[in-house]
Protein chains: 2
Amino acid sequence: MLDNVRLSKIREILEKKKLDAIIITSASNISYFTRIKTIGDASMILYLSKEGTTRLYVPVLEYYRLLEETRGLSNIEVYAVSKHMRIDGRQFHGTFIDLLKRINERHEKIGVDASTSPAGFKIKEMFGDKAVDITEDLWSIRMIKDDKELELIKKAISATKRGIEALADYVNEKITDTELAGIFEHRVRIDGIEEYAFPPLILLKPENSYPHNLPVGRRVGKKNLILVDVGVKYRGYCSDITRMITWGRPLSEERKALEVLVEAINNVIDKAEPYMKGSDIDSIARNTLARHGLDKYFIHGLGHGLGIDVHEPPYLSPGYDRQIKPGMVFTIEPGIYIPGKYGVRIEEDAVMTNKGIKLLSRGFERILSL
Amino acid sequence: MLDNVRLSKIREILEKKKLDAIIITSASNISYFTRIKTIGDASMILYLSKEGTTRLYVPVLEYYRLLEETRGLSNIEVYAVSKHMRIDGRQFHGTFIDLLKRINERHEKIGVDASTSPAGFKIKEMFGDKAVDITEDLWSIRMIKDDKELELIKKAISATKRGIEALADYVNEKITDTELAGIFEHRVRIDGIEEYAFPPLILLKPENSYPHNLPVGRRVGKKNLILVDVGVKYRGYCSDITRMITWGRPLSEERKALEVLVEAINNVIDKAEPYMKGSDIDSIARNTLARHGLDKYFIHGLGHGLGIDVHEPPYLSPGYDRQIKPGMVFTIEPGIYIPGKYGVRIEEDAVMTNKGIKLLSRGFERILSL
């Protein structure tokens, strides 16, 4: 399904910046602006010229799939790029480098999403002064989500919720962190989830005392504090949710830490207003933790944008001085990590509206007590 | 577990190329040369100077985990990099850019794994003539697997085998491609698998007629030809296996295509010798398909290296003119894709030895007939 409305937004950049052509290289940008399904970080180039041409250059092994996806559309042409394999149909017989050289010769001023993908970065180096980095222009469009996108993100969240609840049902002394991940995965797959936003993090103590970690295949045991940070993709849109499962009575310092996280999230929801800076929203949570002397254990930003990419602009973090505007979707995820002991994090997905923050991940417990 | 043998190999590059320092930026390189656990594509810099210093610069949220991993080791120092968050312990208080500027000022000739990661590429641009791209030197070490690495890859393959067999047990008319993926996932998680080599591809007709695709949530139905391309990571090492499941009697052209794939793989195993070029091994399979008039449907390379990365050098593909040497591990994966109709692929994992190719993925059916 080619999206002409979104493509026309790229054309506006082309006109506004007086460019001869635009090249889009990142799979998530191509996916957003065309609605064509991209898989993984496949190398592709979306090319738009000021004369009105729209072309998609893809590796041979993607050619027939994308030809099928764009069948019947007169406003986009698909070309296979290959040095060694010649296949049926109209095609560009050469390499991506050959293609880029020709584009470089033909134009004086070329927009590239240079900061979004390694390919874009290399193209900018190749084009030199001719290249104009349009990454920020594309993000300013992508950051504001429409109702359809919010709907897809909510569906991803619903599947995630069912997955977390299924996992919680299976917790027992002998089950391992990795098998709990498998139960989550099986459940969301029943809902038709085609892929994950990121590998499921089911972290026991002490693994959860480090914010960035993976399950290790250890049994839950008689009691534990299980950190479940999971996200799926539903028709290309991500969820990203963290819930804590208390299995057996937590220590009083653990209970306290959990309460402080809830307080921090509630303060953020209460106090954040549209057009506040990302850093100021981060401060609301960080100040709540500071009042309890726990801010030094909160060693990452409060949140990140969420959409086709699981981490995308905007950010809620110290030093991020841009505004959080209505339509922006992001996570709110304060955490407290006591190195080598335990870690707790709760993560909600939210959208900024004209009236303030609206949670997208409402309606299920932040702390599941078993 | 710091690996001094591997680190000493980096030091050999340092001496041989008369470098003042080496910077390693890709997570898989850092993981290989230090044996420290890296998660995802976390930004980190491993820095080695000719004076003998070895330092790991990491984001704040990775700091305590890596401090713990390197505890008691006197030959590596860990620094947290941050502009906005000051934490306990010895640290570099600044950004990665500040750090790189200091390194740039201090040295005349700096090795960088510039072609492996976007960060490496940017650093090369920043350092200009001072930068020496050592990507190939590192790959020439990483490409040759030792017995321990082969063992980990075999364990990843064993878990994958059990996962595929479990999935096959569950095939029925009403089950969907995504739920079959979930059954695979649940089974390998019981074996302690911490993450996947890539998202499981369980592809029905006609989705499997395109080599690069994802499950879509469709039911298997009364008969189908199920392509299962899956891989897991076991202690950081990847498997990558494709099996075909025939559910109900396949069409005669489908059966024929499956037989040709088996013939192509057997020919590759019989005829490939150590030190043959990657392109020549690819040709063995491509010629087999050509004898049956099916080579034009084989629209990707025959295989790719396999290790910490699921796609890494060497390659078995048209145009890859380097030698396949003893100790190199790679996939053998011929495929036949009839656009819009059906696709078949069988993929084995193998190691080149002094005597020729040895399969690592032996002992389970290439075609599971239900």
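A brief structural summary.

Brief notes about the interface of chain A and chain B
Counting from both sides, the interface comprises 50 residues of chain A and, opposite them, 50 residues of chain B. Buried surface at the junction of chain A and chain B, summed over both partners, amounts to about 4500 Å²; 67% is from carbon and sulfur atoms. Remark: the boundary between chain A and chain B carries two salt bridges. Counting the contacts that link chain A with chain B gives 14 residue pairs in polar contact (both at pLDDT 80 or more). Where the side of chain A that touches chain B is concerned, the elements lending two or more residues are α3 (60-69), α5 (118-127), α8 (177-190) and β8 (195-196) of chain A. Top contributing element to the side of chain A that touches chain B by residue count: α8 of chain A, with nine residues. Here the side of chain A that touches chain B is built from residues that sort into 25 nonpolar, eleven polar and 14 charged.

A closer look at unusual backbone geometry
Note that the residue after Pro313 of chain A, namely Pro314 of chain A, is joined by a cis bond; omega there is 0°. Secondary-structure assignment places Pro314 of chain A in strand β15 (residues 312-316). A positive phi angle, close to 45°, is found at Arg235 of chain A, a residue other than glycine. Checked against the element boundaries, Arg235 of chain A lands in the loop between β11 (232-234) and β12 (237-238). A residue is classified by how much of its surface remains accessible, and Arg235 of chain A, at 61% relative accessible area, is exposed. Its identity is not glycine, yet Arg35 of chain B carries a phi of approximately 70°, on the positive side. With respect to the secondary-structure elements, Arg35 of chain B resides in the loop between α2 (27-34) and β2 (45-49). The class of Arg35 of chain B is partly exposed, set by a relative accessible area of 32%.

Points about the relation of the copies chain A and chain B
Between chain A and chain B, which share one sequence, the superposing operator has a rotation angle of 180° and an axial displacement of 0.0 Å; the RMSD is 0.0 Å. As the rotation angle and translation indicate, the two copies are arranged about a two-fold axis. Across chain A, the smallest distance between a C-alpha and the rotation axis is recorded for Pro118 of chain A, namely 2.7 Å.

What counts, and where the lines are drawn
Residues numbered from 1 in each chain as written. Chains lettered and ligands numbered in written order. Predicted model: local features only at pLDDT ≥ 70, side-chain atom pairs only at ≥ 80, totals over all residues. Heavy atoms only, no water. Contact = heavy atoms within 4.5 Å. Buried area = accessible area lost by both parts, 1.4 Å probe. Salt bridge = Lys/Arg side-chain N within 4 Å of Asp/Glu carboxyl O. Polar contact = N/O pair within 3.5 Å; in protein donor to acceptor, adjacent residues only side chain to side chain. Helix = DSSP H or I, 4+ residues; strand = E, 2+ residues; numbered from the N terminus. Nonpolar A, V, L, I, M, F, W, Y, C, P; charged D, E, K, R; others polar. Buried < 20%, exposed > 50% of the residue type's maximum accessible area, 1.4 Å probe, protein only. Least-squares fit on C-alpha atoms with pLDDT ≥ 70 in both.

These values are about where atoms sit, not about what they do.
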